[in-house]
Amino acid sequence: EPLGPLNENQKEVLRRMQNSAKRLARMSSAMFELSVGRHIKERPNLQPGDIRECFEQALHEIAPFADDKSISINLDLEPCGDRLHFETGRIEQVLINILDNACKFTPKDGAIEIRGYPFFWERRSAQAKLSTPAERRLKAVCEPNSYRVDISDSGSAIPDEHLYRIFEEYTSYGGVRDRSGGGLGLAICKMIITQHDGRVWAQNRESGPLFSFVLPMRRSQPGLNGGNDY
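A brief structural summary.

Rules of the game
- Residues numbered from 1 in each chain as written.
- Predicted model: local features only at pLDDT ≥ 70, side-chain atom pairs only at ≥ 80, totals over all residues.
- Heavy atoms only, no water.
- Helix = DSSP H or I, 4+ residues; strand = E, 2+ residues; numbered from the N terminus.
- Buried < 20%, exposed > 50% of the residue type's maximum accessible area, 1.4 Å probe, protein only.
- Contact = heavy atoms within 4.5 Å.
- Areas by Shrake-Rupley, 256 points an atom, 1.4 Å probe, with all protein chains shown as cover.
- Expected span 1.5 Å × (residues − 1).
- Polar contact = N/O pair within 3.5 Å; in protein donor to acceptor, adjacent residues only side chain to side chain.
- Patch = residues over 30% accessible without salt bridge, like charges linked within 9 Å, V, L, I, M, F, W, Y side chains within 5 Å.
- Salt bridge = Lys/Arg side-chain N within 4 Å of Asp/Glu carboxyl O.
- Phe/Tyr/Trp six-rings, centres within 6.5 Å; stacked < 30°, edge-to-face > 60°.
- Lys NZ or Arg CZ within 6 Å of the ring centre and 35° of its normal.
- Axes fitted to C-alpha atoms, helices over the stretch in contact; angles between N-to-C directions.
- Left-handed = near helix turned anticlockwise from the far one by under 90°.
- Nonpolar A, V, L, I, M, F, W, Y, C, P; charged D, E, K, R; others polar.
- Core = buried A, V, L, I, M, F, W, Y, C linked by side-chain atoms within 4.5 Å.

**A short note on the overall build of the chain**
In terms of helices and strands, the chain carries 5 helices and 7 strands. In the chain, the order of α-helices and β-strands from amino to carboxyl end is α-β-α-β-β-α-β-α-β-α-β-β. Taken over 230 residues, the chain has a buried fraction of 43%. Taking all contacts inside the chain whose residues are at least 6 apart in sequence as the whole, residues at least 24 apart take part in 76%. When the accessible surface of the chain is summed, it comes to about 12500 Å², and 53% of that surface belongs to carbon and sulfur atoms.

Below, the structure written as structure tokens:
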């Protein structure tokens, strides 16, 4: 405030500008990583963290987009202790990108539902879905080895033939209502989650599309360069 005091509205505008600048910086860095990722395999700086703080920052950043369309956002996160390790800025970027995508395709007065919970992840499976009652009973007795986040919206469905391509690089939208491609935002999500040894995917439900990802829990503190100590 070298030019004089600021009121609360002015401070809020400056905070949003600062967050937008940080978001652009992260996005440009991630785009560079996509361009060189085939040649340089970078590991994230894994540290124990509270994923709720990542959600709070992400929700703060996408609030203007949700408010403009009167979209309601419901957040339900279960705790997971200190076994979850991640790079905070990168996971924030994943959440912002997925939520931004959800806001873009959710109609006015629509809804976005967010749920996070400890989860048993069968790593051999192409997706971390539970498909049959027998599998649910089997996995119910298994100790959670990951943390799963589900983000659903009330927007249009993703064409089935594009569900497995929506996180691919350079897959772009064909129009304002077309969800056949995710653009660079979802490609960056896949890159970051893969760097964290996790998995991200999308599926359609009757209520609308569902985007999910899992992050592995760690049994012990990872090394400085990260580790696969699950």
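Still to come is the rest of the account.
**Some words on helix 2 (residues 51-68)**
The α-helix winds at 3.6 residues per turn, so residues separated by three or four positions along the chain end up facing the same way. Taking 1.5 Å per residue, 18 residues should reach 26 Å; helix 2 reaches 26 Å between its end C-alpha atoms and fits that length. Buried residues of helix 2: Ile51, Cys54, Phe55, Ala58, Leu59, Glu61, Ile62, Ala63 and Ala66, and no others. Two or three places before Arg52, at the opening of helix 2, Asp50 has a side-chain oxygen 3.0 Å from that residue's backbone nitrogen. Ser70 lies just past helix 2 and shows a positive phi near 55°.

**Examining a nonpolar patch on the surface**
On the surface, a nonpolar cluster with roughly 280 Å² of combined accessible area is contributed by Val13, Leu14 and Met17. As for its position among the elements, Val13 is in helix 1 (residues 8-36).

**Considerations on the environment of Ala66**
Inspection of the secondary structure puts Ala66 in helix 2. Spatially, the C-alpha atom of Ala66 lies 9.3 Å from that of Asp109, the residues being 43 residues apart in sequence. If we skip the residues at most four places from it in the chain, Ala66 touches Ile71, Ile73 and Cys103.

**A closer look at the packing of aromatic side chains**
Under the definition given, this model contains 2 aromatic pairs. Ring centres of Tyr117 and Phe119 lie 6.1 Å apart, and the angle between their planes is 80°; on these two criteria the pair is classed as edge-to-face. Neither residue differs from the other here; Tyr117 and Phe119 are each classed as buried. Taking 6.1 Å as the distance between ring centres and 80° as the angle between the ring planes, the aromatic pair formed by Phe167 and Phe211 counts as edge-to-face. Of this pair, Phe167 sits in the loop between strand 5 (146-153) and helix 5 (183-195) while Phe211 sits in strand 7 (residues 208-216), and the two are 44 residues apart along the sequence. With respect to class, Phe167 is no different from Phe211; both count as buried. Its end group placed over the ring of Tyr117, Arg115 keeps NZ or CZ at 4.0 Å from the ring centre.

**Some words on the packing of helix 2 against helix 3 (residues 88-105)**
What describes two packed helices is the angle between their axes and the distance between those same axes. Here helix 2 crosses helix 3 at 35°, and the two axes come no closer than 9 Å. The crossing of helix 2 and helix 3 is right-handed. On the side of helix 2, the interface is formed by Ile51, Glu53, Cys54, Phe55, Gln57, Ala58, Leu59, Glu61, Ile62, Phe65 and Ala66, while helix 3 contributes Thr88, Ile91, Glu92, Leu95, Ile96, Leu99, Asp100 and Cys103. Here the contact of helix 2 with helix 3 is composed, by residue class, of 13 nonpolar, 2 polar and 4 charged.

**Some points on helix 3**
With 18 residues, helix 3 ought to run about 26 Å at 1.5 Å a step, and its terminal C-alpha atoms sit 26 Å apart, in line with that. Burial analysis of helix 3 places 14 of its 18 residues in the buried class, the great majority of the element.

**Some points on the nonpolar core**
The biggest cluster of nonpolar side chains holds 43 residues, and the ones touching the most others in it are Ile51, Ile91 and Phe213. Those elements that provide at least two residues to this core are helix 1, helix 2, helix 3, strand 4 (111-119), strand 5, helix 5, strand 6 (199-205) and strand 7. The dominant element in this core, judged by the number of residues it contributes, is helix 3, at 8 residues. If near-sequence neighbours (up to four positions away) are discounted, Ile91 is found in contact with Ile51, Cys54, Phe86, Ile192, Ile193, His196 and Leu215. Of all hydrophobic cores here, the second largest spans 5 residues; its members include Tyr117, Phe119, Trp201 and Val214.

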